[in-house]
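# Structural characterization, general
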Amino acid sequence: NAGVTQTPKFRVLKTGQSMTLLCAQDMNHEYMYWYRQDPGMGLRLIHYSVGEGTTAKGEVPDGYNVSRLKKQNFLLGLESAAPSQTSVYFCASSYPGLAGSLAKNIQYFGAGTRLSVL
Amino acid sequence: GENVEQHPSTLSVQEGDSAVIKCTYSDSASNYFPWYKQELGKGPQLIIDIRSNVGEKKDQRIAVTLNKTAKHFSLHITETQPEDSAVYFCAAKNGIGKLIFGQGTTLQVKP
């Protein structure tokens, strides 16, 4: 049981290049998330998905696109990378229960992808 | 908009001392409050959580307290050890089920 796996672990891009980050989970979770982590700003939600074939914008979605073609995979794309997208990216998955209920939303995180855009 | 404020941003304690990290939240509909620990080079991992119908929860050396009226919750670590050194994040589950994270606290435990 690997949990949440992110690839690649490190990447350096030039401004304007494109790339895709892959997240895979083997826990059969419905919900998946992409966050970025910057110093002093905590974890900010980029996009999320509540099920196969669905995606939604989070707090900082501009410059990113996502796809959830299979339940276990969640892809994050950068079409034209910018230096402001230099960050550490984390994927997470969860089964949060019903909104408004007392159900927990325990998110399981991958190890992260460190991206530098020059 | 809804947010979670976390303090302090850095905390340095001597081994064996206690450490306290505090968070406040804005969404009164929040009803679930997890704490995550992030070690260097790794993703955050859940260490303890509390639901809004409970005021305090303890797990060995760590405890979390919740004051719903004041919209405050805190993490308490007693008898700190060097392996407690990490970044700690609080979070609150908002009214539509999403987690809103605090800015993080870097805890350093000096041997």
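These numbers come from a predicted model, not from an experiment.

Side chains bearing opposite charge may pair, as long as their charged atoms lie close to each other. Under the defined criterion, the tally for this structure stands at seven salt bridges over all chains. The partner of Asp49(B) in a salt bridge is Lys57(B), with the nearest N and O atoms 2.9 Å apart. Its relative accessible area of 32% is what places Lys57(B) among the partly exposed residues. Note that Arg61(B) and Asp84(B) form a salt bridge whose closest N and O atoms lie 2.9 Å from each other. On the criterion of sequence distance, the pair formed by Arg61(B) in the loop between strand E6 (56-59) and strand E7 (62-67) and Asp84(B) in the loop between strand E8 (72-77) and strand E9 (86-93) is long-range, its members being 23 residues apart. Here Arg61(B) falls in the partly exposed class, since its relative accessible area comes to 22%. On the basis of relative accessibility, which here comes to 6%, the residue Asp84(B) falls in the buried class. Overlapping salt bridges, with partners in common, bring together Arg36(A), Asp38(A) and Arg44(A) in one network.

Our next topic: the state of the cysteines. The tally for this structure, following the rule as stated, stands at two disulfides over all chains. Between the sulfur atoms of Cys23(A) and its disulfide mate Cys91(A) the distance is 1.9 Å. Sign of the S-S torsion, about -75° for the bond between Cys23(A) and Cys91(A), identifies this disulfide as left-handed. Of the two residues, Cys23(A) sits in strand E3 (residues 19-25) while Cys91(A) sits in strand E9 (residues 87-94), which places them 68 residues apart along the sequence. Taking relative accessible area as the criterion, Cys91(A) reaches 0% and is therefore assigned buried. Bridging Cys23(B) to Cys90(B), the disulfide has an S-S length of 2.0 Å. Note on the Cys23(B) and Cys90(B) pair: the S-S dihedral is about -100°, so by sign convention the disulfide is left-handed.

Turning to the pairing of strand E8 (residues 73-78) of chain A, a few remarks are in order. Residues and elements named next belong to chain A. For E3 and E8, the ladder comprises six bridges, and the chain directions are antiparallel. Looking at the pairing, leucine 21 lines up with leucine 76 of E8. As paired elements, strand E7 (residues 65-67) and E8 share three bridges and run antiparallel to each other. Within E8, the position partnered with valine 66 by the bridge is leucine 76. Linking E7 to E8, which pair antiparallel, is a turn of five residues.

So, how was this worked out
- Residues numbered from 1 in each chain as written.
- Chains lettered and ligands numbered in written order.
- Predicted model: local features only at pLDDT ≥ 70, side-chain atom pairs only at ≥ 80, totals over all residues.
- Heavy atoms only, no water.
- Salt bridge = Lys/Arg side-chain N within 4 Å of Asp/Glu carboxyl O.
- Buried < 20%, exposed > 50% of the residue type's maximum accessible area, 1.4 Å probe, protein only.
- Helix = DSSP H or I, 4+ residues; strand = E, 2+ residues; numbered from the N terminus.
- Disulfide = S-S within 2.5 Å.
- Pairing = 2+ DSSP bridges.

Any link to function would need more than the numbers given here.
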